[in-house]
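Spelled out, the chains give:
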Amino acid sequence: MDHFIYRDGILHAEDVPLADIASQVGTPFYCYSTATLTRHYQLFEAALDGLDHLICFAMKANSNLAVLRTLAQLGAGMDVVSGGEYRRARAAGVPGERIVFAGVGKTRAEMQLALEGGIRQFNVESEPELAALSEVATALGAEAPVAIRVNPDIDAGTHDKIATGRKEDKFGIPIARARHVYAAAARLPGIRVCGIDVHIGSQLTELAPFEAAYSRIADLTRELRADGHMIERLDLGGGLGIPYTASNEVPPLPAEYGALIKRTVGDLGCTVEIEPGRLIAGNAGLLVSSVIYRKIGAGRDFLILDSAMNDLGRPALYGAWHDIIPLTEPAPGADMEPVDVVGPVCESGDTFARQRPLPPLDAGDMVAFRSAGAYGAVMASEYNSRPLVPEVMVRGDQFAVIRPRPTFDEMLGRDTLPPWL
Ligand code: LLP
């Protein structure tokens, strides 16, 4: 459930008509709903009730400061994957002890930043990374809390590009090597092993792969404890999928996911950390766009929008489906006609949808892409020298621009000419 609904035929974000935002901000823009973000966060809180836990929002999904602060004020921690994300989390008011640092390629500078600024744990993904972290921590006279990410060799059954738990994926340490690596970690100065980390992929629409992974983690916890390691925390990653369209995917609910966590690892006495991104932010955001032209092609019509693959990359990158709905509700029984929905960027990959049934739409009409709050704005670029798409947040009947559209002067001003030109 989200808070983007038609009222009297006009699409609203909570109590604000999206057309009102469009008239002040211009299109395209992203719009986030505070009530939806809050609701999704609280679903996970309720799902893990009774377990000692921390929900670390995977801020790669949406790292706008306003989104982060909204979640931080609810008590969320953050899962960061770069020094930049760490800085954003801190700027949003998240204390270091609620930040976990993930990623396969942490640099020494990033390790130092987090050790000096405060960190809950590093999720370490390789033996060379462990050695580097040991050196950095020792040089600082610090001790780095570490969970080692294991790769359980499980196919999450999701899109190939976002599956992370198979042995051929670059993530984690093969689970068969885990005991060896934990033994090595225990001998390293500056390292304090505190837990195990696993994340098998994103947009999972079945519970079975989670169940397989978490059961292996439960077994590993017992083995590592028997070897004498202190395993106090289990970071179970993110990945719970969302419905991108009402008709095809019906992913499990956070409550079912929570019950699975309790069933598989609940009796180990560990603090459980989870790293959801998409489920919290995805359906809390829309991308609003205007039709520039409707073009009659050979055998098909094209709806050419003012947003493009640089603003919302998921359809071009993963062939992803986003529901597209008009800002003005179609009359009941309105004729639906198939159209190709495209952007202005100069490549055919800039196609949002082919032969999508939509009510009659023409130049000047506005549409919204649903489920665009996660992996939308964060993946936007200035390709074709298009300004980065602005972001707006709604709360009740209020809205605020939380990232303005850059001016062309700002964009040009970032380039510098070498002395010979
Ligand atoms: N934890 C780790 C270690 C991750 O790598 C990810 C996502 C998450 C948590 C959050 O997963 P989520 O709950 O959001 O599924 N750009 C792609 C998705 C990339 C996901 C990368 N890792 C897309 O638009 O589908």
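Residues numbered from 1 in each chain as written. Predicted model: local features only at pLDDT ≥ 70, side-chain atom pairs only at ≥ 80, totals over all residues. Heavy atoms only, no water.

Draft legend 1. Examining the pattern of salt bridges more closely. This model, assessed by the stated rule, comprises 24 salt bridges. Here Glu 125 and Arg 149 are joined by a salt bridge, their closest N and O atoms 3.0 Å apart. Of the two residues, Glu 125 is situated in the loop between strand S8 (121–124) and helix H6 (127–140) and Arg 149 in strand S9 (residues 144–151); the sequence distance between them amounts to 24 residues. When its relative accessible area of 4% is taken as the criterion, Glu 125 is described as buried. Between Asp 227 and Arg 179 there is a salt bridge, with the nearest N and O atoms lying 2.8 Å from each other. (Salt bridge = Lys/Arg side-chain N within 4 Å of Asp/Glu carboxyl O. Helix = DSSP H or I, 4+ residues; strand = E, 2+ residues; numbered from the N terminus. Buried < 20%, exposed > 50% of the residue type's maximum accessible area, 1.4 Å probe, protein only.)

Draft legend 2. Structural view of helix H3 (residues 65–73). Of the positions making up H3, those classed as buried are Val 67, Leu 68, Thr 70, Leu 71 and Ala 72. For H3, the N-terminal cap is Asn 64; the gap from its side-chain oxygen to the backbone nitrogen of Ala 66 is 2.8 Å. The first or second residue beyond H3 is Gly 75, which carries a positive phi of 110°. (Polar contact = N/O pair within 3.5 Å; in protein donor to acceptor, adjacent residues only side chain to side chain.)

Draft legend 3. Examining the packing of aromatic side chains more closely. The full count for this structure, using the stated rule, is 7 aromatic pairs. Relative to Tyr 32, the ring of Tyr 30 has its centre 6.4 Å away and its plane inclined at 20°; by these criteria the two rings are stacked. Taking the relative accessible area as the measure of exposure, Tyr 30 reaches 0% and is therefore buried. Since its relative accessible area comes to 1%, Tyr 32 is described here as buried. Taken together, Phe 44, Phe 210, Tyr 214 and Tyr 257 form an aromatic cluster joined through their ring pairs. Against the face of Trp 321 rests Arg 356, its NZ or CZ located 3.5 Å from the ring centre. (Phe/Tyr/Trp six-rings, centres within 6.5 Å; stacked < 30°, edge-to-face > 60°. Lys NZ or Arg CZ within 6 Å of the ring centre and 35° of its normal.)

Draft legend 4. Representation of the site of the ligand within the structure. Near the ligand, the surroundings consist of 18 residues, among which Ser 202, Glu 275, Arg 278, Arg 314 and Tyr 375 are the closest. Contact between the ligand and Glu 275: a nitrogen atom at 2.6 Å from a side-chain N or O atom of the residue. Residue Arg 314 places a side-chain N or O atom 2.6 Å away from an oxygen atom belonging to the ligand. Residues that form the shell around the ligand fall into these classes: 6 nonpolar, 6 polar and 6 charged. When we break the shell around the ligand down by domain, the ones giving at least three residues each are domain 1 (4–31 + 282–413) and domain 2 (103–274). (Near = heavy atom within 4 Å. Nonpolar A, V, L, I, M, F, W, Y, C, P; charged D, E, K, R; others polar. Domains from an automatic or database assignment.)

Draft legend 5. Highlighting the side chain of Gln 203. For Gln 203, the position within the fold is in the loop between strand S11 (191–197) and helix H8 (208–226). Every residue in contact with Gln 203, bar those within four places of it in the chain, is listed here: Thr 158, Ile 162, Gly 239, Gly 241, Ile 242, Tyr 244, Glu 249 and Arg 278. (Contact = heavy atoms within 4.5 Å.)

Draft legend 6. A look at the state of the cysteines. Evaluated as defined, the whole model comprises 0 disulfides. In this model Cys 56 remains outside any disulfide bridge; the closest cysteine sulfur is found in Cys 194, 12 Å from its own. Classification of Cys 56 as buried rests on a relative accessible area of 0%. Looking at Cys 270, it has no disulfide partner, and the nearest cysteine sulfur is the one in Cys 194, 10 Å off. Take Cys 270: its relative accessible area is 6%, and that puts it in the buried class. (Disulfide = S-S within 2.5 Å.)

Draft legend 7. Fine view of the domain arrangement of the chain. Domain annotation of the chain identifies domain 1 (4–31 + 282–413) and domain 2 (103–274). Of note, the centres of domain 1 and domain 2, computed from C-alpha atoms alone, are 36 Å apart. In this assembly, 10 residues from domain 1 lie in contact with 9 residues from domain 2. Counting the surface lost from both domain 1 and domain 2, the interface buries some 770 Å², and carbon and sulfur atoms represent 51% of this. Scanning the region where domain 1 abuts domain 2 turns up 0 salt bridges. (Buried area = accessible area lost by both parts, 1.4 Å probe.)

Draft legend 8. Representation of H6. Here H6 spans 20 Å end to end across 14 residues, near enough to the 20 Å set by a 1.5 Å rise per residue. Where the residues of H6 are buried, they touch helix H5 (108–117), S8, S9, helix H7 (178–187) and S11. Among the residues of H6, the N-terminal cap falls to Ser 126, whose side-chain oxygen and the backbone nitrogen of Glu 129 are separated by 3.2 Å. Immediately downstream of H6, the backbone of Gly 141 shows phi near 70°, a positive value. (Expected span 1.5 Å × (residues − 1).)

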